[in-house]
Amino acid sequence: MTFRQFAYRNVTRNKRKYAAYFVSSAFSVMVFFLCALFIYHPAISQDMILGTAANTMMVAEGIIYVFCSLFVLVSVGSFLQSRNLEFGILLMHGMTKQQLNLMVFLENMMIGGSAILTGTLLGLLLGKLFLMIGSGFLGIPPLTFHLPWQAPVLTICSFVLLFMLISLSTFVFIGNEAPRGLFQGGHRGNAEPKVSKELALISGLLLLAGYGLAAATTAATVEIMMVPVVLITVCGTYLFYTQLSLYIVGMLRKLRRFYWKHTHILTFSGLSYRWKDNGRMFFMVTIVSAVSFTSVGVFASIHTLSRELKLDYPAAVGYVAKGGEHASSEEKDLWGITAELEQLGLTYETLRIPLKVAAVVSQTGPDHILQLPLMSYRNYKLALEHAGFSSNEPPLEGNESLVMIGSQRDRSLTAERFKATYTLQQGIQIEETGYTQHVPVAEYLLPELDGRGGGDFSGLVISDSLYNLVIPVQQDWYTGFYVDDFTRTVGVASELAAKGKVPYEEKSAYAVVISGTLFEIQRTLYSTMLFASLLVGTVFFIAAGSFLYFRLYMDLDHDRLQYSTLSKMGLTDQELDRIATLQLALMFFIPVLLAVLHSLFAFIALQRLFYLSIAAETGAVLTSYLAAQTLYFFFIRSRYLRNLKKNLI
């Protein structure tokens, strides 16, 4: 038997232990290859709107690759630690350290090479189906199967490099421990886990602080609070598995009425050791699952996005001519938009209203703007009427004004925003007294009112009498084209705005917004993010299951001996099943339930960014993941109990 045959038989003899690791690696390679197949498809890469989908899938590729690196590294490290006894025997029988390192390197490369080959072949086999599913998510005609050379080359080279680097790093895991130490590694007894009461308390406080900050955050602070909340929660989660959970188990063991009841003494006596050995794995499973739940839940809210976009962009096409100095250009642009709408067979209404831009001498509050966009109350009501919005706002009087919101997100920012008072050049004072109930003019068509970027507020609505008194430094004209189905305006006025908008701040004679194009870009982006999140989430889910499967089968020989002894002592099959099921359930569901709890508070914070509720999408995602985890639990439980009872008498 050659040395390579010896390494190969080491792998095949332990195929049960390596099975989940191989499946997870092969599945990750397959998903990576399918994403590359999607990214380099000519129908995707050469399209302006679908190009954003390709960029999103590229990010998913990177996430999968980074996660696979960590997954493979942790898995290989755990495999090697479980083989200390085997390595000690081999070294004591004359194998050199160089030969041991070479053997482990060959074993890892065999598994990695098999995973790369299997994943790539499965990707080729499922490529057409994947492209069809991706087309359905994006709402485009089915993509034809196309195999760009970049997809297999990128996949094979990336994962060959990954497995080679991880295999080389195994030399560090093996280290320079003497054969005697390795040989004894399989017989070292488990020391009682040491728990710090202070660290356990800190863990609880960190988790409570993270949840409290997430629940208390506002739309204005959600982006600022995101990083500290995540860091606090991650630290609290790590300490939960390494300290707090062990402390809770220790407290349960001190409750004699509970601990000595039924089979609790057998269930919880070994739980501390299992929790200690698997704490880092549980931590990784929890964090990965929480990220997966949250991302899928957010991007599943694509229907909420479409409803909000209708409220944020009242006109299917909005056009603002700046200053009135380019009348011929404005007339030509509006004529072109009209011709395109008629060519599409769309019935539309047109509204053209003036907007005065007044010079500001001074204002109260933290901001200072030089020019203030103004709209009369009468024209504001006309804009709402054409958009189909109803409003019960009373007429404005004196120097009162309403701040125009530019999006639904602005509604949650009004409570913390400072209401300013402006003094114009003519000595006219305008006081902000409230906010509009609806968006009269879409964002990007007017300059933002708050220089610090605290929202999309874009101008003031003032009384008709006050509006007539204002002498503007610039006269703008807003023209809105209102249609029943704004999604049909995709690509309209593409020569004016290739990506659906030209913001007011750009150096152009006009500002324009095409709602259909913007919606299609955002819908494509959200749909792709949802698709990518589902793929990445599936990779995470299978990898998390692989971790649990691996840990169970690493301890299977020890568990068989323990349960065989308990069976001889008189415990029934039902009692043994109950003990094993409870221990498995704790290992499976505590990480998932903690991840669900993390995700719920993340959704509470992210809900501040949405005017409409995303609770339905959130509930559907979390319920689906819990159902999948439950099915996986019963599958693993049945296999584990069957293997556990093989040698029971």
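Please read all numbers here as calculations on a predicted model, not as lab measurements.

*Asks:* Could you clarify how one ought to interpret the packing of helix H9 (residues 197–216) against helix H10 (residues 222–254) in this entry?
*Replies:* In a pair of packed helices, the angle between the axes and the distance between the axes together describe the arrangement. With their axes 7 Å apart at the nearest point, H9 and H10 run at an angle of 145 degrees to one another. With respect to the hand of their crossing, H9 and H10 are arranged in left-handed fashion. Contacts from Lys-197, Leu-199, Ala-200, Ile-202, Ser-203, Gly-204, Leu-206, Leu-207, Ala-209, Gly-210, Leu-213 and Ala-214 in H9 reach Met-225, Val-229, Ile-232, Thr-233, Cys-235, Gly-236, Thr-237, Leu-239, Phe-240, Gln-243, Leu-244 and Tyr-247 in H10. Of the residues belonging to the contact of H9 with H10, the class tally is 16 nonpolar, seven polar and one charged.

*Asks:* I'm lost on the packing of aromatic side chains in this one. Help?
*Replies:* Two aromatic rings, taken as a pair, are described by how far apart their centres are and by the angle between their planes. Evaluated as defined, the whole model comprises 17 aromatic pairs. Plain terms: the ring middles of Phe-240 and Tyr-241 are 5.1 Å apart, the flat faces sit at 80 degrees to each other, and that makes the pair edge-to-face. For Phe-240, a relative accessible area of 15% corresponds to the buried category. Its relative accessible area of 0% is what places Tyr-241 among the buried residues. Ring-pair connections join several aromatic residues into one group, and the members of that group are Phe-588, Phe-589, Tyr-632, Phe-633 and Phe-634. One cation-aromatic arrangement involves Lys-356 over Tyr-467; the distance from NZ or CZ to the ring centre is 4.5 Å. The ring of Phe-457 has Arg-417 lying over it, and the distance from NZ or CZ to the ring centre is 4.9 Å.

*Asks:* Looking at this structure, how should I read the pattern of salt bridges?
*Replies:* Pairing between side chains of opposite charge can happen when the charged atoms of each approach one another. Applying the stated criterion across every chain yields a total of two salt bridges. The shortest N-O distance in the salt bridge between Arg-352 and Glu-330 comes to 2.9 Å. With a gap of 22 residues between them, Arg-352 in strand S2 (residues 348–363) and Glu-330 in helix H15 (residues 327–343) connect regions that are remote in the sequence. Taking relative accessible area as the criterion, Arg-352 reaches 41% and is therefore assigned partly exposed. Ionic pairing is found between Glu-432 and Arg-417, a salt bridge with its closest N-O pair at 2.8 Å. On the criterion of sequence distance, the pair formed by Glu-432 in strand S6 (residues 429–435) and Arg-417 in the loop between strand S4 (400–403) and strand S5 (421–424) is long-range, its members being 15 residues apart. Under the relative-accessibility criterion, Glu-432 is labelled buried at 3%. We classify Arg-417 as buried; its relative accessible area is 12%.

Definitions and cut-offs
- Residues numbered from 1 in each chain as written.
- Predicted model: local features only at pLDDT ≥ 70, side-chain atom pairs only at ≥ 80, totals over all residues.
- Heavy atoms only, no water.
- Axes fitted to C-alpha atoms, helices over the stretch in contact; angles between N-to-C directions.
- Helix = DSSP H or I, 4+ residues; strand = E, 2+ residues; numbered from the N terminus.
- Left-handed = near helix turned anticlockwise from the far one by under 90°.
- Contact = heavy atoms within 4.5 Å.
- Nonpolar A, V, L, I, M, F, W, Y, C, P; charged D, E, K, R; others polar.
- Phe/Tyr/Trp six-rings, centres within 6.5 Å; stacked < 30°, edge-to-face > 60°.
- Buried < 20%, exposed > 50% of the residue type's maximum accessible area, 1.4 Å probe, protein only.
- Lys NZ or Arg CZ within 6 Å of the ring centre and 35° of its normal.
- Salt bridge = Lys/Arg side-chain N within 4 Å of Asp/Glu carboxyl O.

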